[in-house]
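# Analysis of the macromolecular model
The chain contents come next:
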Amino acid sequence: MKRHLSKLDPPDLEFQPLVVIELAKDAKEETREWLVKKIRDKKKDGGTQLLIKPLVISNDEEYIYVVGGSTKRLLLGAESVGMVKECIDGSMKPFIYSNRKEYKDWTEDGENFLSMADCQYIIKYELDNLRAQDEKNIPGYPNSKLYPGKSIFRRLKTSGIMIQVFPLHDKEELKRLRHQWYLRIKLAFQPIDQIQHYFGDTLGLYFAFLEYFTMALIPMALIGIPYYFFDWEDYDKYVIFATFNLVWSTVILEVWKRLSSAMTYRWGSLIMKRKFEEPRPGFHGVLGINPVTGRKEPIYSSFKRQLRIYLVSVPFVCVCLYLAIYVMMIYFDLEHWALAYHQEQQSTFSNLLLYVPSIIYAVVIEILNRIYKIAAEFLTSWENHRLESSYQNHLVLKVLVFNIVNCFASLFYIAFVMCDMKLLRQSLATLLITSQILNQFVEALLPYWLQKRSSRKIKKKVKSLNVDTDYTLLEQIHLEKDMDTYLGTFDDYLELFLLFGYVSLFSCVYPLAAIFAVLNNLTEMYSDALKMCRVYKRPFSQPSANIGVWMLAFETMGIIAVVTNCTLLGMSSQVSTLFQDSKRDLILTVAAIENHNSLQQKRDTFETSGKIMF
């Protein structure tokens, strides 16, 4: 990748800055010199053989370093991480430096062969795998112990010596992407390949899934509009819609699997060999020997972890579920009070008051979900999982169980205990619309407004500095280092998961649910694009072959949707008239449909879970 030097570049900065390292203001000089030397050292001497330069950006004691690499070093790094590239004959193969001329888009010097995101991923991989050799502790910090094979960067982060490591944006490429992506409001598909090229596979897959889910909702929306206007108050006519709902929730997930496999194969991540997963930075234990790698690393008893899970985490989750049910019962008390007041007063105010309990409950649900997520993250970290994948799986499980109960328990109670379809319609509409408004404000508008204020202050600060370095690079690093850190796609997938649940479970009694879901997803596309380009630091690219454990979560919701819609079918008067003489036949027929669809989805779910470490 070519280095584009500006006229204001200092003469000794002869490489393109790709990654920024920020150390603490009280980092000792001995530590800084040792770290720079380790990064510059050759691979055979235990270093990374990367290029690094300290950057003086103000009179404050801020220790900022920019990291890059020579073209050959980055190409060799692409081979070591197993990066897959397209060959001249159209096949996808792992990149091998000695066979570099066999690959498509290879030029004589190879400077443009790797994207900036590829180079940043390689640098992050090398820095994460920079390991101690003979050092007993971090120089200058005798209490920050090291041992042979210990990741130096993980120890620097856990010791508070290193503040952050982040990749820099490519201003020109980002400008082009923004123009294609969200600056032109038009009815068109997102530039998924360009998003993947700039941000990596994980975000490319998320935006592809968001777009696919939106397109999949359009048939539901088109059917729901006439259904809403012609059969609105006749709830016994939801049989056709429930049947379509049942099929739709199953088919769209199967189609997505094929589409995602085709995309990730084209990107090279589907056949990319998975590296041995390293322990999480927060994992701790007694120093021991890993029987697989032979390296020294912390060892923690799985029995102790299971005790923490079953004696603390599980009871805590159960208490939270009880709290969610208790709040739900308070909501029903408010509903009864509002209905009694309306029957007594019969006024416009009392009619509007009927919606107040649902709105309050929707706000409380969002608050409880966010508080619970913080508690779930703390508990999952305390369980001390060795691998990041295990940590994510336990966190997703905790959050999904609570969210399903907190968001959907009231709807199930109204549908199958109270059998009040009018109240079900009202509650579903209120929950759906209120949650969308709150999410758009909290996740998009508020962060963007705060970032705009911060950017103005930073620009004024940079202009007031009298430093002898690249002004444009200086301003960029100042702006980006104070941006919020993107914490991953967890919250984004969770929002889509809940939306999928609202539509697939009960949209037969509120056909406009799909319409609101489409509108939400369209605004979500633009707001998420805005956040990624303007609000958050650029995240490191991560290879991904699929959407991970979230595929299993969506398929589980699909199974629940099949059971729910089959039960609603069995409750309808139209189906009941077919079995007037025998209620037993009705029950057996509904159960047979449920079992057939559930078994089919379970089989697909187990096939998926076999590919995902859960």
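The following refers to the structure shown. On a predicted model such as this, the values are computed, not experimentally measured, just so you know. (Residues numbered from 1 in each chain as written. Predicted model: local features only at pLDDT ≥ 70, side-chain atom pairs only at ≥ 80, totals over all residues. Heavy atoms only, no water.)

## Regarding the sheet that holds strand S2 (residues 51-55)
Taken in spatial order, the four strands of this open sheet run S2-S3-S1-S8, and their pairing is antiparallel. Of all strands in the sheet, those with a lone pairing partner are S2 and strand S8 (162-167), marking the two edges. Going from strand to strand, the sheet's axes swing by 20° on average, the running direction of each strand aside. Judged from the five bridges that link them, strand S1 (residues 19-23) and S8 form a sheet pairing that is antiparallel. From the neighbouring strand, Glu22 faces S8, where its bridge partner is Gln164. Along the sheet face, helix H3 (residues 116-128) touches S1, strand S3 (63-68) and S8 and points at about 40° away from the line of S1. (Pairing = 2+ DSSP bridges. Helix = DSSP H or I, 4+ residues; strand = E, 2+ residues; numbered from the N terminus. Axes fitted to C-alpha atoms, helices over the stretch in contact; angles between N-to-C directions. Contact = heavy atoms within 4.5 Å.)

## Quick word on the pairing of S3
Taking burial as the measure, the six residues of S3 include six buried ones, the bulk of the element. Sheet topology note: the S2/S3 ladder contains five bridges and is antiparallel. Of the residues in S3, the one forming a bridge with Lys53 is Val66. (Buried < 20%, exposed > 50% of the residue type's maximum accessible area, 1.4 Å probe, protein only.)

## Some details on the packing of aromatic side chains
All told, the structure shown has 35 aromatic pairs when counted by the stated rule. Between Phe209 and Trp256 the ring centres are 5.1 Å apart and the planes differ by 75°, which places this aromatic pair in the edge-to-face class. On the criterion of sequence distance, the pair formed by Phe209 in helix H7 (residues 201-230) and Trp256 in helix H8 (residues 239-267) is long-range, its members being 47 residues apart. For the pair shown, Phe209 and Trp256 are each scored as buried. Note on Phe316 and Tyr372: the rings are 6.4 Å apart at their centroids and 10° apart in plane angle, and the pair reads as stacked. (Phe/Tyr/Trp six-rings, centres within 6.5 Å; stacked < 30°, edge-to-face > 60°.)

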